[in-house]
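# Commentary on secondary and tertiary structure
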Amino acid sequence: MRRRVTLILGLCIAPMLAGCAIGHLAAAMGQNFEYQKQIEVLPQYEGLQGKRVAVVVDAEMSTLYEHPDLVGKITSGVTARIGRDVPGTKVLRPSDVIAWQWRTPQWNAMPYGEMAEALNVDRVVLIEVYEYRLNPPGNRWLWDGLCAANVSVIEADGFDPDTFVDTFSVTGEFPPVEGVDRAQATAQAIETGVLAEFIKRTAWLFHTHLEPKYPDKYRPQAGS
């Protein structure tokens, strides 16, 4: 009699347990799907459209001593993305901007209006890098890439061309996880990653784009 009761109970409970497991799995999948959602974000500055634009990058000499290609890479990357994603924008070639910087040793001491006039543009996107590193301070074994800058806009035809119309703080970080060391990644891979992230976030200031709804939980591969 006991065996019969146990068997009956087992037959009744098994479907309930299976249903619970399926329910938990469905809930987890639904939550993961939610974490992978992206939302449309409007530009924070829309005044580049239909304008002639120059992207100008500056950094401390100590940073340029260790990373001499930094200015060229950021200039080229941001110029390309603005030219691609901001409608009607004519962006000055990076080589022309950098050549002008070399010909004008004190360019970063010029009034902003004169800078725009010298470059013959309507808008200047001025990127002033104040921190750039591939490792955490004091530890060259681990990777912790960071590029941080103030990104400002100069309007040649604005009310006061010598004053920024907008300034934004932009940070790019890579890798997205902690504890990555030299045995797991190369310096080139970290530099490529951190610059790609910084360039993307800088260009995002000027055009409509998609961003993760939950940045801390977003994993592109999880949604693929």
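It should be noted that the structure appears before, not after, this text.
Because the structure is predicted, anything quoted here is derived from the model rather than measured.

Here we come to the overall build of the protein chain. When its secondary structure is counted, the protein chain shows 6 helices and 7 strands. Reading the secondary structure of the protein chain in the N-to-C direction produces α-β-β-α-α-β-α-α-β-β-β-α-β. Taken across its 224 residues, the protein chain has 37% of its residues classed as buried. Long-range pairs, those at least 24 residues apart, make up 72% of the contacts in the protein chain between residues at least 6 apart in sequence. Total accessible area computed for the protein chain in this model is approximately 13700 Å², and 56% of it derives from carbon and sulfur atoms.

Before going further, it helps to examine the packing of aromatic side chains. Inspection of the entire model under this criterion finds 3 aromatic pairs. Consider the rings of Y45 and F206, whose centres lie 6.2 Å apart with planes at 85°: the pair is edge-to-face. Of this pair, Y45 sits in the loop between strand 1 (38–41) and strand 2 (52–59) while F206 is found in the loop between helix 6 (187–204) and strand 7 (209–212), placing the two residues 161 residues apart along the sequence. The burial state of Y45 is the same as that of F206; both residues are buried. Where Y112 meets F164, the ring centres are 4.3 Å apart and the plane angle is 25°; that geometry is what we call stacked. Placement of the pair is Y112 in helix 5 (residues 112–119) and F164 in the loop between strand 5 (145–155) and strand 6 (166–174), with a sequence separation of 52 residues. Residue classification places Y112 among the partly exposed positions, given a relative accessible area of 22%.

Once that is clear, we can look at the environment of R140. Tracing the backbone through its elements, the reader meets R140 in the loop between strand 4 (123–133) and strand 5. Residue class for R140 comes out exposed when judged on its relative accessible area of 59%. A C-alpha to C-alpha distance of 8.9 Å links R140 and D181, two positions 41 residues apart in sequence. Here R140 is in contact with N135 and R182, once residues within four sequence places are set aside.

The sheet built from 5 strands is open, its strands ordered 3-2-4-5-6 with mixed pairing. Lying at the two open borders of the sheet, with one neighbouring strand each, are strand 3 (90–91) and strand 6. Relative to strand 5, strand 4 runs antiparallel, the two sharing 10 bridges. Directly across from V129, in strand 5, lies its bridge partner A149. The strands that helix 5 touches are strand 2, strand 4 and strand 5; relative to strand 4, the one it contacts most, it runs at about 110°.

Another aspect to go through is the pattern of salt bridges. Note that side chains of opposite charge can pair when their charged atoms are close. Applying the stated rule across the entire model yields 10 salt bridges. Among the salt bridges present, the one from D144 reaches R133, with a minimum N-O distance of 3.1 Å. Taken together, the residues span a long stretch of sequence, with D144 in the loop between strand 4 and strand 5 and R133 in strand 4 at a distance of 11 residues. It is possible to trace a salt-bridge network through shared partners that takes in K51, R123, E155 and D157.

Rules of the game
- Every residue gets a number counted from 1 within its own chain, in the order that chain's sequence is written.
- Reporting in this predicted model follows two pLDDT cut-offs: at least 70 for local features of residues, and 80 or more for side-chain atom pairs to be given and counted; totals over whole chains, interfaces and linings ignore these cut-offs and use all residues.
- Calculation of side-chain values draws on the structure's entire complement of heavy atoms; hydrogens and water are dropped beforehand.
- A helix here means a DSSP run of H or I that spans at least four residues, while a strand means a run of E at least two residues long, and both kinds are numbered starting from the N terminus.
- Exposure classes here rest on a 1.4 Å probe applied to the protein chains alone. A residue is buried below 20% of its type maximum, exposed above 50%, and partly exposed in between.
- Should any heavy atoms of two residues lie within 4.5 Å, those residues are considered in contact.
- All accessible areas in this document rest on Shrake-Rupley with a 1.4 Å probe, and a residue is counted as covered only by the protein chains that are shown.
- In this analysis, rings of Phe, Tyr and Trp, with Trp reduced to its six-membered ring, are considered paired at centre separations within 6.5 Å, and the interplanar angle assigns stacked below 30 degrees, edge-to-face beyond 60, and tilted for intermediate values.
- Between any two strands, at least two bridges found by DSSP are needed for them to pair.
- Lines are fitted to the C-alpha atoms to define the axes, a helix being fitted only along its stretch in contact, and any angle between axes, read from their N-to-C directions, falls within 0 to 180 degrees.
- Throughout this description, the term salt bridge denotes a Lys or Arg side-chain nitrogen within 4 Å of a carboxyl oxygen of Asp or Glu.

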